[in-house]
Amino acid sequence: MSEVLPVALRLPPPQPSLGQLLTPKWRGALARSRSEERGRGARLLLFALVGAVFWTAAFGICYRVLRYVSTQEIGVLLASKMLGIIFLAFTAILLLSNIITAISSFFLARDLDLLVAAPVHWFRLYLAKLAETAGHSSWMVILIAVPILTAYGMVFDGGMLFPFVVIAALIPFVLLPATIGAAVTLVLVNVFPARRIRDLLTLVMLGAVAGLALLLRVLRPEQLARPEGFQSLVEFLELLRAPTNPFLPTEWAADMIMNWLRHVADPLPVALLYTTAGAFVILGGWLHGRLFRDGYSKSQEGSEKFVRGVTWSRWLSRLAGGLSPARREFLLKDVRLFFRDPSQWSQLILLGVLLVVYIFNIQSLPLFSGEEVPFFLVTAVTFLNLGLAGFVLAAIAARFVFPSVSLEGRQLWLIQSSPLEFSTLLISKYWLGTVPLLVLAVFITVVTNLLLQASAFMMAVSVGTIILFTLAAAALALCFGAYYPKFNTENAAQIPTGFGGLVFMMSSISLLGLLIAIEAIPVGAYLRAQQFDYPFRFTPLLGLAGLSVVAICVATTVISLRLAVRRMQALEE
Amino acid sequence: MIEVVNLVKRYGKFTAVDNLSFTVPPGTLYGFLGPNGAGKTTTMRMIAQILRPTSGDILIGGVPTWEKPQVIKQMIGYIPDRPYVYDKLTGAEFVRFVAALYGQEGNTVERRMNELLEVFELTPWRDELTESYSHGMRQKLIIASAFAHRPEVIVVDEPMVGLDPKSARTLKDLFREYVGRGGTVLMSTHTLEIAEGMCDRIAIIQRGQLLAEGTMGELRAQSASGDESLEALFLRLTGGLRETTMDALFDE
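Report follows, based on the coordinates.

**Considering the overall build of chain B**
At step 1: Assigned secondary structure in chain B consists of ten helices and ten strands.
At step 2: Burial analysis of chain B (252 residues in total) assigns 54% to the buried set.
At step 3: Once local pairs closer than 6 in sequence are excluded, the contacts in chain B between residues at least 24 apart make up 66%.

**Some words on the overall build of chain A**
At step 1: If you tally the helices and strands in chain A, you get 20 helices and zero strands.
At step 2: Among the 573 residues that make up chain A, the fraction classed as buried is 44%.
At step 3: Within chain A, contacts between residues at least 6 apart in sequence are counted, and of these 83% link residues at least 24 apart.

**Considering the side chain of Lys-40 of chain B**
Residues and elements named next belong to chain B.
At step 1: Its location among the elements puts Lys-40 in helix α1 (residues 40–47).
At step 2: Buried charged residue Lys-40 carries no salt bridge. Nearest counter-charge: Glu-158, at 5.2 Å.
At step 3: One polar contact links the side chain of Lys-40 to the main-chain carbonyl oxygen of Pro-35, over a distance of 3.2 Å.
At step 4: Lys-40 has contacts with Phe-32, Leu-33, Gly-34, Pro-35, Ser-188, His-190 and Ile-205, leaving out every residue within four places of it along the chain.

**Notes on the sheet that holds strand β7 (residues 153–157) of chain B**
All names here are of chain B.
At step 1: With respect to topology, six strands assemble into an open sheet ordered β6-β7-β8-β3-β9-β10, the strand pairing being mixed. Each having just a single partner strand, β6 (76–79) and β10 (209–214) make up the two edges of the open sheet. Taken pair by pair, the neighbouring strands of this sheet meet at an average axis angle of 15°, ignoring direction.
At step 2: Against the sheet, helix α6 (residues 165–180) contacts β3 (29–33), β7 and β8 (184–188), and its axis sits at roughly 145° relative to β8.

**Structural notes on the pattern of salt bridges**
Residues and elements named next belong to chain B.
At step 1: Tallied over the entire structure, the rule returns 18 salt bridges over all chains.
At step 2: Note that Arg-96 is salt-bridged to Glu-110, the shortest N-O span being 2.6 Å. Placement of the pair is Arg-96 in helix α3 (residues 91–101) and Glu-110 in helix α4 (residues 107–119), with a sequence separation of 14 residues.
At step 3: Judged by relative accessible area, Arg-96 falls into the partly exposed class, the value being 23%.

**Some details on the sheet that holds strand β2 (residues 14–24) of chain B**
All names here are of chain B.
At step 1: Across the sheet, four strands lie side by side as β2-β1-β4-β5; this open sheet has antiparallel pairing. The two strands at the open ends of the sheet, each matched to only one other strand, are β2 and β5 (63–64).
At step 2: Two elements, strand β1 (residues 2–11) and strand β4 (residues 55–60), share five bridges in a ladder whose sense is antiparallel. Looking at the pairing, Val-5 lines up with Asp-57 of β4.
At step 3: The strands touched by α1 are β1, β2 and β4; relative to β1, the strand with the most contacts, the crossing angle is about 120°.

**Considering the interface of chain B and chain A**
At step 1: If you look at the interface, chain B gives 37 residues, while chain A gives 35 residues.
At step 2: Buried surface at the junction of chain B and chain A, summed over both partners, amounts to about 3,400 Å²; 59% is from carbon and sulfur atoms.
At step 3: For the chain B face of the interface with chain A, the top three residues by lost area are Tyr-86, Lys-88 and Leu-101 of chain B, together amounting to 20%.
At step 4: Here Arg-336 of chain A ties to Glu-93 of chain B by a salt bridge, and the two come within 3.3 Å at their closest N and O atoms.

**Details of the packing of aromatic side chains**
Residues and elements named next belong to chain A.
At step 1: Within this structure, the stated rule accounts for 24 aromatic pairs over all chains.
At step 2: Seen in terms of ring centroids, Phe-402 and Phe-504 are 6.4 Å apart; in terms of plane orientation they differ by 35°. Their pairing is tilted. Taken together, the positions of Phe-402 in the loop between α15 (375–400) and α16 (412–417) and Phe-504 in helix α19 (residues 499–531) put the pair 102 residues apart, joining distant regions of the chain.
At step 3: The exposure class assigned to Phe-402 is buried, which follows from its relative accessible area of 1%.
At step 4: Three or more aromatic residues link up through ring pairs in this structure, and these residues are Phe-106, Phe-107, Trp-122, Phe-123, Tyr-126, Phe-292 and Tyr-296.
At step 5: If you follow Lys-333 out to its NZ or CZ, it ends over the ring of Phe-330, 4.3 Å from the centre.

**Concerning a nonpolar patch on the surface**
Residue and element names in this part refer to chain A.
At step 1: Judged by side-chain polarity, Phe-54, Trp-55, Trp-139, Met-140, Ile-142, Leu-143, Ile-144 and Val-146 come together as a nonpolar surface patch covering roughly 710 Å² of accessible area.
At step 2: Secondary-structure elements contributing two or more residues to the nonpolar patch are α2 (40–70) and α5 (122–155).
At step 3: A total of six residues in the nonpolar patch trace back to one element, the largest contributor, which is α5.
At step 4: For Leu-143, the location among the structural elements is in helix α5.
At step 5: By relative accessible area, which is 36% here, Leu-143 ends up partly exposed.

**Things to note about the pairing of β4 of chain B**
Residue and element names in this part refer to chain B.
At step 1: Relative to β5, β4 is paired through two bridges, and the arrangement is antiparallel. By the bridge assignment, Ile-60 is partnered in β5 with Val-63.
At step 2: Counting the residues between successive antiparallel strands, the hairpin from β4 to β5 contains two residues, one of them, Gly-61, with a positive phi of roughly 60°.

**Here we look at the packing of helix α17 (residues 422–451) of chain A against helix α20 (residues 540–570) of chain A**
All names here are of chain A.
At step 1: The N-to-C vectors of α17 and α20 enclose an angle of 130°; their axes lie 9 Å apart at closest approach. Compared by their axis directions, α17 and α20 come out oblique. Crossing handedness for the pair α17 and α20: right-handed. Across from Phe-422, Ser-423, Leu-425, Leu-426, Ile-427 and Tyr-430 in α17, the residues of α20 making contact are Thr-557, Leu-561, Ala-564, Val-565, Met-568 and Gln-569.
At step 2: For the contact of α17 with α20, a count of residues per class yields nine nonpolar, three polar and no charged.

**Remarks on unusual backbone geometry**
All names here are of chain B.
At step 1: A positive phi angle is found at Gln-49, which is not glycine, with a value near 65°.
At step 2: Assignment of secondary structure puts Gln-49 in the loop between α1 and β4.
At step 3: For Gln-49, a relative accessible area of 17% translates into the label buried.
At step 4: Although it is not a glycine, Glu-121 adopts a positive phi angle of roughly 55°.
At step 5: Here Glu-121 lies in the loop between α4 and α5 (135–147).
At step 6: A residue is classified by how much of its surface remains accessible, and Glu-121, at 38% relative accessible area, is partly exposed.

**Structural notes on the pairing of β1 of chain B**
Residues and elements named next belong to chain B.
At step 1: Alignment of β1 against β2, held across seven bridges, turns out to be antiparallel. Counted as the bridge partner of Lys-9 is Val-17 from β2.
At step 2: What sits between β1 and β2 in their antiparallel hairpin is a turn of two residues, with Gly-12 showing a positive phi close to 65°.

**Concerning the environment of Leu-437 of chain A**
At step 1: Note on placement: Leu-437 of chain A falls in helix α17.
At step 2: Expressed as a C-alpha distance, the spacing of Leu-437 of chain A and Leu-393 of chain A, which sit 44 residues apart in the sequence, is 7.2 Å.

**Remarks on the packing of α3 of chain B against α4 of chain B**
Residues and elements named next belong to chain B.
At step 1: Two elements in contact, α3 and α4, have axes separated by 10 Å at closest approach and are oriented at 130°. Between α3 and α4, the interaxial angle falls into the category oblique. The interaxial crossing formed by α3 with α4 has right-handed handedness. Every residue of α4 that contacts α3 at Ala-92, Val-95, Arg-96 and Ala-99 is listed here: Val-109, Glu-110, Met-113 and Leu-117.

About the criteria used
- Residues numbered from 1 in each chain as written.
- Chains lettered and ligands numbered in written order.
- Predicted model: local features only at pLDDT ≥ 70, side-chain atom pairs only at ≥ 80, totals over all residues.
- Heavy atoms only, no water.
- Helix = DSSP H or I, 4+ residues; strand = E, 2+ residues; numbered from the N terminus.
- Buried < 20%, exposed > 50% of the residue type's maximum accessible area, 1.4 Å probe, protein only.
- Contact = heavy atoms within 4.5 Å.
- Lys, Arg positive; Asp, Glu negative; His and termini not counted.
- Salt bridge = Lys/Arg side-chain N within 4 Å of Asp/Glu carboxyl O.
- Polar contact = N/O pair within 3.5 Å; in protein donor to acceptor, adjacent residues only side chain to side chain.
- Pairing = 2+ DSSP bridges.
- Axes fitted to C-alpha atoms, helices over the stretch in contact; angles between N-to-C directions.
- Buried area = accessible area lost by both parts, 1.4 Å probe.
- Phe/Tyr/Trp six-rings, centres within 6.5 Å; stacked < 30°, edge-to-face > 60°.
- Lys NZ or Arg CZ within 6 Å of the ring centre and 35° of its normal.
- Patch = residues over 30% accessible without salt bridge, like charges linked within 9 Å, V, L, I, M, F, W, Y side chains within 5 Å.
- Areas by Shrake-Rupley, 256 points an atom, 1.4 Å probe, with all protein chains shown as cover.
- Parallel < 35°, antiparallel > 145°, perpendicular 65-115°, else oblique.
- Left-handed = near helix turned anticlockwise from the far one by under 90°.
- Nonpolar A, V, L, I, M, F, W, Y, C, P; charged D, E, K, R; others polar.

Functional significance is not addressed by these values, which are geometric in nature.
Okay, here's the thing in structure tokens:
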């Protein structure tokens, strides 16, 4: 070694740039997008297609609405108000997702040990992690905003520079919730251990979403479409003119965009937006400098020691006493992992809300409240309800059954090296997912059909179909889950959000469509019989339709499960 | 007990294991050495039937693994290098689960689990979720669970990583006792002193190929190296240290 400078005289090393700090993130994302996985071309094509359909639909709806609104006298005011409300909704989503993301990126990410141990200045680390948090939390909101803002630009003649104005408005707009999310997380982690915080916040977020969904449903927004809802036009206009809240950055961002579209030169919203975002970043940085070290240290200590579900585990163990030890323990293991992981069981809350909203919607249908509705319409609604219930069940299978193979994740070595047959594993996972799904399917179908006062024939068709469809959809979910596993995801809710989940949903919806198309034959015959008042007779065509439905569902179930077993056998971690 | 015959594993164009053959006799503690990336873990994962060989055969007790996979898996206890366990199971639940995977349950398993957890000093933590375990505790839990079904062969990848000196000593004693009672251990390790002190036979591989194999005496004779330590032998066989590189590192 050459001359050694006393430590007290040494200068801090040159700091890495923000770009360098974020290199692993964007390089990783790039590598993932370039990875030569099987079926990548088809995957990209499908994503592009779905994206194009979504964007076209969102743009089309916005464009039509804005076009209509712009012809009215209060058009610009109304459009401005709508943009404010849209931005307010975006902010709510951004705040929640930023808090959740900030916990991961500031306290739980795998690269943190390396970064915290490196001589990186705390403010630089804060900025890098803030950018990461904002990026992760905001990309989806921005993707949704693009078609909406494009419609604004086109309807109100935004001109060539409009996209730049939008970008200029969106940067501080997404940065603000990110700084707030990071700050809230920082304070919370200093009070509670990070792992508990994430559980707590997952619950809070789910509660908020569930509450919002319930509130929206109970408020019955469809009543707003009734003219008697507007009591005073003057009151309505006054409400439109007044900003929702002049202190909200959502209003400044909306004003910045609308001022451009209205050719109003008002620098105030721009100044407010940028100075506030700047101030928040600096304040957030200051808070980070004060609290991060302690918080990070605390976040490394907290892990759950409380063991949930010891008593019911014993009961379940006794209940499953007839099974072989491997099957029983495998089943118990899956149940324990589900109920001990808040990111998993908390989804049941959303499921409950979804169920209540669904049944409430059916009950709110004006079929039996006013004039008498023809029997034909009631039957048609019952039949459509079957399709909707099937869709809901497919979505639930995507959330609960699809991830089950991926959840074996890093422990797959244990299963692969043990004499447990993959067919045993998959059958256990299949029934564990299917039995609750079947109970739910029959419950939804019977309750909604009772509310719809469906005939015995329609009840039988609906219940039979939904049982067969549930069996097939669960098998499909398991099969696609085995073909498109995500072994490295920590959050189960993220597993079905990829390509495999999308393909599963498309396949199960296609299956549902096919079943409904085949069943249209007996249902049509039944309706004609009812309409013209002649007895409904069983014909060979009806029998063939029924047999086809059974055969398709059984074949889908068996083939999917076999393919899943084959795929598991071929898997090499 | 373990026969590896012309084993090959390719990942695309990369050959991780290249025509590898060696035999582990029953009742032997067999050391499996090699530099990083030599193909040790890949070979052991193929023996544990986690990975499928591109070609070649693995025989356990004279039977090819593909012929009776379930029976052969039942004979093996595999201990991976990375202790991934289910975070939301307690230590006791995990051992019980692994025993059940091997078709074992009841009082025998409970008794054996208690003994194993006691040996590795995990009894105080047996009813706590494994997410609160340290790396070493997880490693010990996996080792304990691998012994739960009384395997005839233990395939163990880097068992000493993360273990405190006392646990490392316990493990060494356990392996010696196990081998003394007729068990067979195939162990990969980078700790050459441990390999030299514990193993009956040693294989050294590099780039997926066998460089040398035998007892310490046989290895020395093969390389005509007199009384050389295993470390010196290993370094010479695998290419030695590059002292010029070191100079370059510290020159200003």
